[in-house]
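Coordinate inspection notes
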Amino acid sequence: MLLLIGIYSTGLFAQGYEVGDIATDFRLLNVDGNYVSMADYEDAKGIVLIFSCNHCPYVVAYEDRMIELHNTYAPKGFPVVAVNPNDSIAEPRDSYTKMIERAEEKNFPFDYLVDADQLIYPEYGATRTPHVYLLKKEGDQFRVAYIGAIDDNYRDASAVEEHFLANAIDALLAGEHPDPDYTRAIGCTIKVQD
Amino acid sequence: MKYIGTIIIMLAVFAGLNFFPVYASPVSAEDKEIEVMDFDTFSPRLEMDNDSVYVINFWATWCAPCVRELPAFEQLNETYSDRKVKVILVSLDNPDLIDDRVIPFMERMDLQSEVLLLDDPNSNRWIPLVSEEWSGAIPATVIYSAGHRSFHEREFEFDELEEIVLPLIQ
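Below you will find a few notes about this structure. (Residues numbered from 1 in each chain as written. Chains lettered and ligands numbered in written order. Predicted model: local features only at pLDDT ≥ 70, side-chain atom pairs only at ≥ 80, totals over all residues.)

For chain A, the count of helices and strands is five helices and ten strands. What you see for chain A is a C-alpha radius of gyration of 16 Å, in line with the 16 Å of a compact globule of 194 residues. If one aligns the C-alpha atoms of chain A with their principal axes, the spans along those axes are about 45 × 40 × 35 Å. Every one of the 194 residues in chain A was classed for burial, and the buried ones make up 43%. When contacts within chain A are restricted to residue pairs at least 6 apart in sequence, long-range pairs at least 24 apart make up 72% of them. (Helix = DSSP H or I, 4+ residues; strand = E, 2+ residues; numbered from the N terminus. Rg over C-alpha atoms; globule rule 2.2 N^0.38 Å. Buried ≥ 20, exposed ≤ 12 C-beta atoms within 10 Å, placed from the backbone. Contact = placed C-beta atoms within 7 Å.)

See below:
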């Protein structure tokens, strides 16, 4: 019964990118005051794009792991780029000023951008924070290689059994396709104004 | 007599180990309780085969839109509980925060619907078992009865819930 409904309903869920799609570049304000585009990462082999924010407890639970992922994989060509998609009026804790504060507190080694016009996250199809889009660079383009969760245990990094994102990046580095290339996780809804 | 002694010892041991997944503040009989379970224990509630309408809402105390819509679910529960509408509020809060956060919240909101806490960190496994449509964002709600099943990744108001539930009441 559940399965049948699942199959029937997947057709309704087609907004945003799927694995294999080409991801659009953007130009978004970073916490350092500069605008950043994916094209700026000239030497990268890809980008670990994570829709993120300040206030969400699931994000907070993953911040240290995001830093660690960046420190491990940026030197291998896959930097983390965090994008805050939340409206700062709907969620004042996710304002640009608060983003700067959080980035300084946690000493983020990665760029932390604001999707101020809320145009990028719907194009990607992000629905929550954290929501990962692993992009593989092909010439001047970025192709979606993995969508989903960072790993299988938000609460306890030491109890993680499957490092979905790290495994997916390792697969790309080995010239393989990530398996799985789509996972899910509970997260905070992206905040928009009423 | 021997058996009673054994049972008391067993209960004491289990309570000491927090073995029973039921947490209750020990202040008074009025206090709220919350049952904690993993997905496999919870999942039969998604497939009850009877003449009730089930409204299962996934929420958390930290989720602002979830908290905002809880009164609508409470109103649904209060209005239709005698007409076989069963509201279940499934908290996805961190179980470490039950005593400090979840129970006080339930008391402050005076929640009357059934509340349980789903403690199963590998949500990638069970999210699609709730609904293939679910990306994982909350609030999210499953509404089902004998002839209907729908999933909603959105925030509800009371009249919107009523509009879905009312035609399903037998």
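Right, let's talk about the sheet that holds strand S4 (residues 46-51) of chain A for a bit. Residues and elements named next belong to chain A. Strand order in this open sheet of eight strands is S1-S9-S8-S4-S5-S6-S2-S3, and the pairing throughout is mixed. A strand with exactly one partner marks an edge of an open sheet, and here the two such strands are strand S1 (22-23) and strand S3 (35-36). One ladder, built from two bridges, connects strand S2 (residues 28-30) with strand S6 (residues 111-114); its direction is antiparallel. In the sheet register, Asn-30 faces S6, and the bridge partner there is Leu-113. Packing of helix H2 (residues 57-73) onto the sheet brings it into contact with S4 and strand S5 (80-84), and relative to S5 it is tilted by some 145°. Contacting S4, strand S8 (131-138) and strand S9 (141-148), helix H5 (residues 164-173) crosses the sheet at an angle of about 5° to S8. (Pairing = 2+ DSSP bridges. Axes fitted to C-alpha atoms, helices over the stretch in contact; angles between N-to-C directions.)

Here the focus is the interface of chain A and chain B. In this assembly, 24 residues from chain A lie in contact with 21 residues from chain B. Secondary structure elements with two or more residues in the side of chain A that touches chain B: helix H1 (2-10) and strand S10 (187-189) of chain A. Element by element, the count of residues in the side of chain A that touches chain B is highest for H1 of chain A, at five residues. In terms of residue class, the side of chain A that touches chain B is made up of eleven nonpolar, eight polar and five charged. In this structure, S10 of chain A lies alongside strand S6 (residues 137-138) of chain B, joined through two bridges in parallel fashion. (Nonpolar A, V, L, I, M, F, W, Y, C, P; charged D, E, K, R; others polar.)

Read these as spatial facts, not as claims about activity.
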